[in-house]
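What the coordinates show
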Amino acid sequence: MSIVLIGFKGCGKSTIGPLLADKLGFSFHDLDHLIEQRHFEETGERLGFREVFRSRGEESFRALENHLLREQLGREDLVLALGGGTPMTPGVSSLLAPHCVVYLQVPENEIIERVRADGWPAYLENEADPEEALRLLFKKRVPRYEELAKLGVENTRAPEQVVAAVLPEIRVMLSMTET
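Because the structure is a prediction, the values reported are computed rather than measured.

About the thresholds
- Residues numbered from 1 in each chain as written.
- Predicted model: local features only at pLDDT ≥ 70, side-chain atom pairs only at ≥ 80, totals over all residues.
- Heavy atoms only, no water.
- Axes fitted to C-alpha atoms, helices over the stretch in contact; angles between N-to-C directions.
- Helix = DSSP H or I, 4+ residues; strand = E, 2+ residues; numbered from the N terminus.
- Parallel < 35°, antiparallel > 145°, perpendicular 65-115°, else oblique.
- Left-handed = near helix turned anticlockwise from the far one by under 90°.
- Contact = heavy atoms within 4.5 Å.
- Nonpolar A, V, L, I, M, F, W, Y, C, P; charged D, E, K, R; others polar.
- Expected span 1.5 Å × (residues − 1).
- Bend = angle between axes of the 7 residues up to and from the residue.
- Buried < 20%, exposed > 50% of the residue type's maximum accessible area, 1.4 Å probe, protein only.
- 1 Å grid on protein atoms, 1.4 Å probe; cavity = no way out; pocket = protein on both sides within 12 Å on 5 of 7 lines; lining within 4 Å.
- Points joined across faces, edges and corners; volume = space filled by probe spheres on them.
- Core = buried A, V, L, I, M, F, W, Y, C linked by side-chain atoms within 4.5 Å.
- Salt bridge = Lys/Arg side-chain N within 4 Å of Asp/Glu carboxyl O.
- Pairing = 2+ DSSP bridges.

Structural notes on the packing of helix H2 (residues 31-43) against helix H4 (residues 58-73)
- Two elements in contact, H2 and H4, have axes whose closest approach is 10 Å; the angle formed by their N-to-C orientations is 110 degrees. As summarised for this structure, H2 and H4 are arranged roughly perpendicular, according to the angle between their axes. The crossing of H2 and H4 is right-handed. Between H2 and H4, the contacting residues are Leu 31, Leu 34, Ile 35, Arg 38 and Glu 42 on the first element and Phe 61, Leu 64, Glu 65, His 67, Leu 68, Leu 69, Glu 71 and Gln 72 on the second.
- By residue class, the composition of the contact of H2 with H4 is seven nonpolar, two polar and four charged.

Right, here's the structure in full:
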């Protein structure tokens, strides 16, 4: 069983993931970084995942993402951070079902502020009002995250506090798979 972190862009998956992996003695991978790495291996072109999305197009990007997700979920002792849109891809729910899926919850307004500070994602570049488009996307994705999650935790505290809050429940889930 792997620990899979889901949530909207800017919810803290890449921050919480390594801390959680360290506490569990697991390895940590970020699916977005794996996409960048695989794109480089295939093309020799170093791009961030946003640029990979732009250059490949959504269909090819999602196919690569799904392939890498399947590869990673075959590993043991792993904490894996998914991209915010990954859970929306058809077939992902069956891939995630046997794993401990943790939804990092952050209020919509805080997500908007975090994303604005980091820069609008590639899929919103052509939107007249990227903030409104992001809000609509947030409302669309949250029910899916809630549906897939076996555990939800609010990520509005210090990262160490979030990890401390979720760790006992994750350990229980992990121990249940060992029996």
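A short note on helix H7 (residues 130-148)
- Its 19 residues give H7 an end-to-end C-alpha distance of 26 Å, which sits within 8% of 27 Å, the value for a rise of 1.5 Å per residue.
- Where H7 bends most, at Arg 141, the angle is about 25 degrees, and the proline Pro 143 comes one to four residues later.
- Residues of H7 that are buried: Pro 130, Ala 133, Leu 134, Arg 135, Leu 137, Phe 138, Arg 141, Val 142, Arg 144, Tyr 145 and Leu 148.
- For H7, the secondary structure elements touched by its buried residues are strand E1 (3-6), H4, helix H5 (92-96), strand E4 (100-105) and helix H6 (108-118).

A few points about the layout of surface pockets
- Of the voids in this model, the largest pocket is the one considered here, and its volume is about 570 Å³.
- As for the largest pocket, its lining consists of 30 residues, of which Lys 9, Gly 10, Lys 13, Asp 32 and Phe 49 are closest to the centre.
- For the lining of the largest pocket, the elements supplying multiple residues, two or more each, are helix H1 (13-24), H2, helix H3 (49-56), H4 and H6.
- The residue inventory of the lining of the largest pocket, partitioned by class, reads eleven nonpolar, eight polar and eleven charged.
- In this model, the second largest pocket occupies a volume close to 250 Å³.

So, the environment of His 67
- Within the fold, His 67 resides in helix H4.
- When its relative accessible area of 41% is taken as the criterion, His 67 is described as partly exposed.
- Along the backbone, His 67 and Gly 17 are 50 residues apart, and their C-alpha atoms lie at a distance of 21 Å.

Section: the nonpolar core
- By size, the foremost hydrophobic cluster in this structure holds 55 residues, and its most contacted members are Ile 3, Leu 20, Leu 24, Val 102 and Ile 170.
- In this structure, Ile 170 is in contact with Ile 3, Leu 20, Leu 24, Cys 100, Val 102 and Leu 151, ignoring residues within four places of it in sequence.

Observations concerning unusual backbone geometry
- Within the chain, Asp 77 stands out as a residue other than glycine whose phi angle is a positive 55 degrees.
- Following the sequence through the fold, Asp 77 ends up in the loop between H4 and strand E3 (78-81).

Overview of the pattern of salt bridges
- All chains considered together, the criterion is met by 15 salt bridges.
- The partner of Glu 58 in a salt bridge is Arg 62, and the shortest N-O contact between them spans 3.6 Å. One end of the pair, Glu 58, and the other, Arg 62, are both in helix H4, four residues apart, so they sit about a helical turn from each other.
- Accessibility expressed as a relative area gives 46% for Glu 58, which makes it partly exposed.

Comments concerning the sheet that holds E4
- Strand order in the open sheet made by the five strands is E2-E3-E1-E4-E5, with parallel pairing throughout. Each end of this open sheet is capped by a strand with a single partner; those strands are strand E2 (27-30) and strand E5 (151-154). Along the sheet, successive strands turn relative to each other by an average axial angle of 20 degrees, direction set aside.
- Sheet topology places E1 next to E4; four bridges connect them, and they run parallel. Following the sheet pairing, Val 4 is matched in E4 by Val 101.
- Along the sheet, H4 makes contact with E1, E2 and E3, crossing E3 at roughly 160 degrees.
- The strands touched by H7 are E1 and E4; relative to E4, the strand with the most contacts, the crossing angle is about 145 degrees.

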